[in-house]
Each structure stands twice: as C-alpha cells, then as structure tokens.
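Architecture and fold: a report
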Amino acid sequence: MADQKPAKKQDSGIREFFRKSMVSLKRSPQKIPLVFLVIAFLIYSLNLSPIANTTAKINGANMGQCEFVAMLFSILAFVVFLRTFPRRKPVKKVMMGLLFFMLSLLVFVDSVYITRITSAVTRPENPVVIEEKTMYISTAQTVVILHIIFVVLTALLLALLPLYSKAIRKINTSIEVEGNENMEAIDISDDED
C-alpha cells in the first residue's frame, strides 16, 4: 500500500508536467517550428568539421561561401524568428517575410553545396573517391541533406501555424478539482431568520 501512494503521486506529477507543457504550447504554438529550427541549427553546427574538410578536399566553386552563408543565416534565423513573434503582441509580418527569405536561402545554399559534392564524386575526369579516409564527404552530404529537411519542415510548420494553433487551443487543459461537481447542492442561503 505504501508503494502505491508514491507511484500514484509520481503519475499525477507526470500528468501535471504534460498539462503545463500543453498550456505553454497553447499560449505560444510557435515553439513547435522553433524546435525544428533549433534541430536544424544543431545538426549543421555540430558537424562543421566534416563540412569544412569536404570543402577543403573538393574545393568546388562557391562551396566555402555556401558553408559560410548556411552557418550565418542559421544563426540569424533565430534572431529573426524571435523578433517575428514578440511576447503578447501580434506577429510582425515583415519579419515573417524576412524569415521565409532566410529559410529559402538556406535551402538554396545547401542545394548548391550538395550539387558540388555530387559533381565532384561523379565527374568523369579525376573524381573524388569516397573511401575510409574520406568518409567525411558522405557525412557532410548526409548532414546537409538533413539540414535541408529540417529547414523545410520549419518553413512548413510556420506556414501552417494558423491551422494547427487553432487545433491546439481546443485541447482541454483545465484541472478537475474534487468536490466541484456538486456546487448546486450547497445551500448558501441565510437560515438565521
């Protein structure tokens, strides 16, 4: 019996954590695309070594600039995202347009980077061979593809934000307090006549 009470208390604590998380999400549903933007940034920034090594090995046209622009605009996208959704104020449409521009620029430079890798690996004369010591090239290619996927998901979630934010707001997060269901049965009249 003693073990059941702490387990029940822990279970209600977990439920309360999820309820509070849902309340927070109802107040600011833009946290969902922000999470995807954070994941895209972390994927790219934590794998800069293979990307830099690939740029140095292949040395294709504008690969260094693409790498630089991707890192720069990944950081700037955070600043613009936070400025787009000010606390308790309406969405700033100009900043939203700038954010979509940055996200599309990220997809463009990543696509150029992947094109340079593909052309270097598949060119007929002196192709770059991916072997054990140059596996960082395939790692960089995978990282850039994942970065594109998460940036596109961020843009889609931003575009669909008005739709799913209405659905999130319909979720019931109210707390049921014991004893409130019989409020009509309580007599509050003054019987001291």
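Residues numbered from 1 in each chain as written. Predicted model: local features only at pLDDT ≥ 70, side-chain atom pairs only at ≥ 80, totals over all residues. Heavy atoms only, no water.

**Comments concerning a nonpolar patch on the surface**
As a reminder of what qualifies: Exposure above 30% relative accessible area and no salt bridge define the residues that can form patches, which grow by joining like charges within 9 Å and nonpolar side chains of Val, Leu, Ile, Met, Phe, Trp and Tyr within 5 Å. The Shrake-Rupley method, run with a 1.4 Å probe, gives the accessible areas here. Residue values count only the displayed protein chains as cover. For salt bridges, the criterion is a side-chain nitrogen of Lys or Arg within 4 Å of an Asp or Glu carboxyl oxygen. Numbering of helices and strands runs from the N terminus, with a helix taken as a DSSP run of H or I at least four residues long and a strand as a DSSP run of E at least two residues long.
A cluster of nonpolar residues, Ile145, Leu146, Ile149, Val152, Leu153 and Leu156, forms a patch on the protein surface that exposes about 440 Å² of accessible area. Mapped onto the elements of the fold, leucine 153 is located in helix H6 (residues 136–159).

**So, the packing of aromatic side chains**
The line we're drawing: Between 30 and 60 degrees the pair is tilted, below 30 it is stacked and above 60 it is edge-to-face, where a pair is any two Phe, Tyr or Trp rings, Trp via its six-membered ring, whose centres lie within 6.5 Å. Relative accessibility thresholds used throughout: buried, under 20% of the residue-type maximum; exposed, over 50%; partly exposed, between the two (1.4 Å probe, protein chains only).
Here the structure, examined in full by the defined rule, presents 3 aromatic pairs. Plain terms: the ring middles of phenylalanine 41 and phenylalanine 78 are 5.2 Å apart, the flat faces sit at 80 degrees to each other, and that makes the pair edge-to-face. Placement of the pair is phenylalanine 41 in helix H2 (residues 31–45) and phenylalanine 78 in helix H4 (residues 63–84), with a sequence separation of 37 residues. A residue is classified by how much of its surface remains accessible, and phenylalanine 78, at 18% relative accessible area, is buried.

**Topic: H2**
Quick note on the threshold: To estimate how far a helix should reach, multiply one less than its number of residues by 1.5 Å. Whether two residues are in contact is decided by their heavy atoms: any pair within 4.5 Å suffices.
End to end, H2 covers 21 Å across 15 residues, agreeing with the expected 21 Å (1.5 Å per residue, within 8%). Among the residues of H2, those classed as buried are Pro33, Leu37, Ala40, Phe41, Ile43, Tyr44 and Ser45. Buried residues in H2 make contact with helix H3 (48–58), H4, helix H5 (93–122), H6 and helix H7 (161–169).

**A look at the environment of leucine 160**
You can see leucine 160 is positioned in the loop between H6 and H7. For leucine 160, a relative accessible area of 40% corresponds to the partly exposed category. The spacing of leucine 160 and proline 33 is 127 residues in sequence and 9.8 Å in space, taken between C-alpha atoms.

**What to know about the layout of surface pockets**
Formally: A cavity here means a set of points on a 1 Å grid, drawn over the protein atoms and nothing else, where a 1.4 Å probe fits but cannot get out; a pocket is an open set with protein on both sides within 12 Å along at least five of seven lines, and a residue lines either one if it has an atom within 4 Å of a point. Grid points are joined across faces, edges and corners, and a volume is the space filled by probe spheres set on the points. Ten residue types, Ala, Val, Leu, Ile, Met, Phe, Trp, Tyr, Cys and Pro, are classed as nonpolar, four, Asp, Glu, Lys and Arg, as charged, and the remainder, Gly among them, as polar.
Taken as a whole, the largest pocket spans an internal volume of roughly 610 Å³. Every residue lining the largest pocket is counted, 21 residues in all, and those nearest its centre are Arg27, Ser28, Gln30, Phe85 and Pro86. Residue contributions to the lining of the largest pocket peak at 4 residues, all from H7. Its residues placed into classes, the lining of the largest pocket shows 11 nonpolar, 4 polar and 6 charged.

**Some points on H7**
Using the following cut-off: Arc definition: it is the arc formed by the directions from the helix axis to the C-beta atoms.
Along H7, the positions that sit buried rather than exposed are Leu161, Tyr164, Ser165 and Ile168. What you see down the axis of H7 is that its buried residues fit within an arc of 110 degrees, all on one side. Along H7, the residues that are exposed and aim more than 90 degrees away from the buried face are Leu163 and Lys166.

**Here we look at the packing of H2 against H4**
Basically, it comes down to this: All axes here are fitted lines through C-alpha atoms, helices being fitted over the stretch that makes contact, and every angle between N-to-C directions spans 0 to 180 degrees. Any angle between 65 and 115 degrees counts as roughly perpendicular, while under 35 counts as roughly parallel, over 145 as roughly antiparallel, and the rest as oblique. By definition, turning the near helix anticlockwise from the far helix through less than a right angle yields a left-handed crossing, and turning it clockwise yields a right-handed one.
At a minimum axis separation of 11 Å, H2 and H4 run at an interaxial angle of 155 degrees. Taken together, H2 and H4 sit at an angle that is classed as roughly antiparallel. Every pair of crossing elements has a handedness; the one defined by H2 and H4 is left-handed. Between H2, through Pro33, Leu34, Leu37, Val38, Phe41, Tyr44 and Ser45, and H4, the contact on the second element is made entirely by Cys66, Glu67, Ala70, Met71, Ser74, Ile75, Ala77, Phe78, Phe81 and Leu82.

**Focus: the nonpolar core**
Operational definition: Among the buried residues, those of types Ala, Val, Leu, Ile, Met, Phe, Trp, Tyr and Cys that are joined through side-chain atoms within 4.5 Å form a nonpolar core.
Ranked by internal contacts, the top residues of the largest apolar core, which has 43 residues, are Ile51, Ile58, Leu99, Leu103, Tyr113 and Leu158. A per-element tally of this core places H5 first, with 12 residues. Non-local contacts of isoleucine 51, meaning those with residues more than four positions away in its chain, are made with Tyr44, Glu67, Tyr113, Ala140, Val143 and Val144.

All we've got here are geometric facts, nothing functional implied.
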